[in-house]
Amino acid sequence: MTKSIMAIAFVIFLSAPVAMAQQRGVCVADIKAKCAGVEPGEGRLVACVKTHAAEFSDPCKARLARIAQI
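Everything numeric here is computed off the predicted structure, so don't read it as measured data. (Residues numbered from 1 in each chain as written. Predicted model: local features only at pLDDT ≥ 70, side-chain atom pairs only at ≥ 80, totals over all residues. Heavy atoms only, no water.)

1. Things to note about the overall build of the protein
Counting its regular elements, the protein contains 5 helices and 0 strands. Seen in sequence order, the protein has helices and strands lined up from the N terminus as α-α-α-α-α. Taking all 70 residues of the protein together, 30% fall into the buried category. Counted over contacts in the protein with a minimum sequence separation of 6, partners at least 24 positions apart contribute 58%. Surface exposure of the protein reaches about 4,400 Å², of which carbon and sulfur atoms provide 61%. (Helix = DSSP H or I, 4+ residues; strand = E, 2+ residues; numbered from the N terminus. Buried < 20%, exposed > 50% of the residue type's maximum accessible area, 1.4 Å probe, protein only. Contact = heavy atoms within 4.5 Å. Areas by Shrake-Rupley, 256 points an atom, 1.4 Å probe, with all protein chains shown as cover.)

2. Focus on the packing of helix H3 (residues 25-35) against helix H4 (residues 44-52)
A packed helix pair is summarised by two numbers, namely the angle formed by the two axes and the spacing between the axes. For the pair H3 and H4, interaxial distance at closest approach is 10 Å and the crossing angle is 95°. Regarding the angle of H3 to H4, the classification is roughly perpendicular. Judged by residue contacts, Ile31, Lys34 and Cys35 of H3 engage Leu45, Cys48, Val49 and His52 from H4. Tallied by class, residues from the contact of H3 with H4 come to 5 nonpolar, 1 polar and 1 charged. (Axes fitted to C-alpha atoms, helices over the stretch in contact; angles between N-to-C directions. Parallel < 35°, antiparallel > 145°, perpendicular 65-115°, else oblique. Nonpolar A, V, L, I, M, F, W, Y, C, P; charged D, E, K, R; others polar.)

3. Remarks on the confidence of the model for the protein
Per-residue confidence for the protein averages 77 on the pLDDT scale, and 66% of its residues sit at or above 70. Averaged over each element, pLDDT in the protein is lowest for helix H2 (residues 18-21) (45) and highest for H3 (89). Scored below 50 in pLDDT, residues 18-22 shows 3 contacts in the model against residues more than four places distant or in partner chains. (pLDDT = per-residue confidence, 0-100.)

4. Overview of unusual backbone geometry
A positive phi angle, near 55°, is found at Glu42, a position not held by glycine. Relative to the helices and strands, Glu42 is located in the loop between H3 and H4. According to the relative accessible area criterion, Glu42 is exposed, its value standing at 77%.

5. Some remarks on the packing of H3 against helix H5 (residues 58-69)
The N-to-C vectors of H3 and H5 enclose an angle of 120°; their axes lie 8 Å apart at closest approach. Relative to H5, the element H3 is oriented oblique. Along this stretch, H3 crosses H5, giving a crossing that reads as left-handed. Counted together, Val26, Cys27 and Asp30 of H3 and Pro59, Cys60, Arg63 and Leu64 of H5 form the full contact between these two elements. (Left-handed = near helix turned anticlockwise from the far one by under 90°.)

Next up, the structure:
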């Protein structure tokens, strides 16, 4: 359940307004580290994030949780 919420939050996160773009950096390193070989498209990146969400840094998890609340 938590992984699904994180994946949904990630999708929202990617479509966030430009004002939120500066805060995206919190998760960039985590996503690059865990999903480096994943080609974006057809849900592959979201699936990778769902798979590795528990391994992301605490700041990234917190950011995704805040976005999910919006």
